[in-house]
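A closer look at the structure
Below, each chain spelled out in residue letters.
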Amino acid sequence: MAQRQTSFAIGEFYHIYNRGNHKQEIFLDKQDYDRFQRLLYLCNGSVPINIRDIRTSSVDFYKYERGDQLVSIGAYCLMPNHFHVLATPLVENGLSVFMKKLGTSYSMYFNKRYGFTGSLFEGRYKASYVGEDTYLKYLYSYIHLNPMKLLGKEWREKGVSSTKEAIDYLSKFPHSSFYDYVGTSRREGVILSPEGFPQYFQTSKEHFTEVLDWLSPRTDLGEETDLGEEGEDFVEMFLRL
């Protein structure tokens, strides 16, 4: 599977992910998570942003005029040492520009806050092309289930002791778009543009049902679903994270 696309086609879907250099944590507290989420919104526009200017103007970060959107974001999740974003470009070079703005802005913030130098991330972001419909649908569950690693690293192989506890935890995890897909209204909901993606889940219940299926124990996340070649390669790689 190609680890990086040199160009991104408008209307096609891509799973973007990256982690901290040497697997270091890139989100150390709530302020870091909040900053990255704000940047997911603010960097997704044609207007240059300066957070200091927004603060002094007293404008809500999520109501700031950012210009024309560069990408549509369908799902995301922030973990202590990595992140995932499911996106589709809206304009030529939109995804590349968005990711450059996002990575540069967050790295500058993080290094200044903690007095670090050098590269925050483990090289340039990775991009997996999502060409199969089943793979695209699966990624909503994969991305939104990432926080389960914080409850138990072996949950995929052994399942969960309490489905209710797992769903409750995911539903209250604020640094993921699962929070928005379960019907919770919040300011951060404007990060998403789900209309740019197939409408797999018409209701919150349908998304819950899909996630519940993936919470069952299995040794290979792809063994019961045909994810296509790209999807199978992706599963194999990320089971090692």
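Here goes a summary of the coordinates provided. (Residues numbered from 1 in each chain as written. Predicted model: local features only at pLDDT ≥ 70, side-chain atom pairs only at ≥ 80, totals over all residues. Heavy atoms only, no water.)

1. Overview of the overall build of the protein chain
- Secondary structure summary: the protein chain contains nine helices and four strands in total.
- In the protein chain, the succession of α and β elements from N to C terminus is β-α-α-β-β-α-β-α-α-α-α-α-α.
- Taken across its 241 residues, the protein chain has 49% of its residues classed as buried.
- For the protein chain, restricting intrachain contacts to residue pairs at least 6 apart in sequence, the fraction spanning at least 24 positions comes to 72%.
- With an accessible surface of roughly 11,700 Å², the protein chain has 50% of that area assigned to carbon and sulfur atoms. (Helix = DSSP H or I, 4+ residues; strand = E, 2+ residues; numbered from the N terminus. Buried < 20%, exposed > 50% of the residue type's maximum accessible area, 1.4 Å probe, protein only. Contact = heavy atoms within 4.5 Å. Areas by Shrake-Rupley, 256 points an atom, 1.4 Å probe, with all protein chains shown as cover.)

2. Things to note about helix H6 (residues 163–172)
- Every buried residue of H6 is accounted for by Ala-166, Ile-167, Leu-170 and Ser-171. For H6, the arc enclosing every buried residue in end-on projection is 130°, short of the 170-degree limit, so these residues lie on one face. Facing away from the buried side of H6 by over 90 degrees, the exposed positions are Lys-164 and Lys-172.
- Buried residues along H6 sit in contact with helix H4 (133–145), helix H7 (178–181) and helix H8 (204–214). (Arc of directions from axis to C-beta.)

3. Focus on the packing of aromatic side chains
- Scanning the model with the defined rule gives 22 aromatic pairs in all.
- Seen from their ring centres, Tyr-140 and Phe-201 are 5.7 Å apart, and the 80° between their planes marks the pair as edge-to-face. Here Tyr-140, found in helix H4, pairs with Phe-201, found in the loop between H7 and H8; they are 61 residues apart in sequence, far enough to count as distant. Of the two residues examined, Tyr-140 and Phe-201, each falls in the buried class.
- Of the aromatic side chains, those joined through ring pairs into one cluster are Phe-27, Tyr-33, Phe-36, Phe-83, Tyr-106, Tyr-109, Phe-110, Tyr-114, Phe-116 and Phe-121. (Phe/Tyr/Trp six-rings, centres within 6.5 Å; stacked < 30°, edge-to-face > 60°.)

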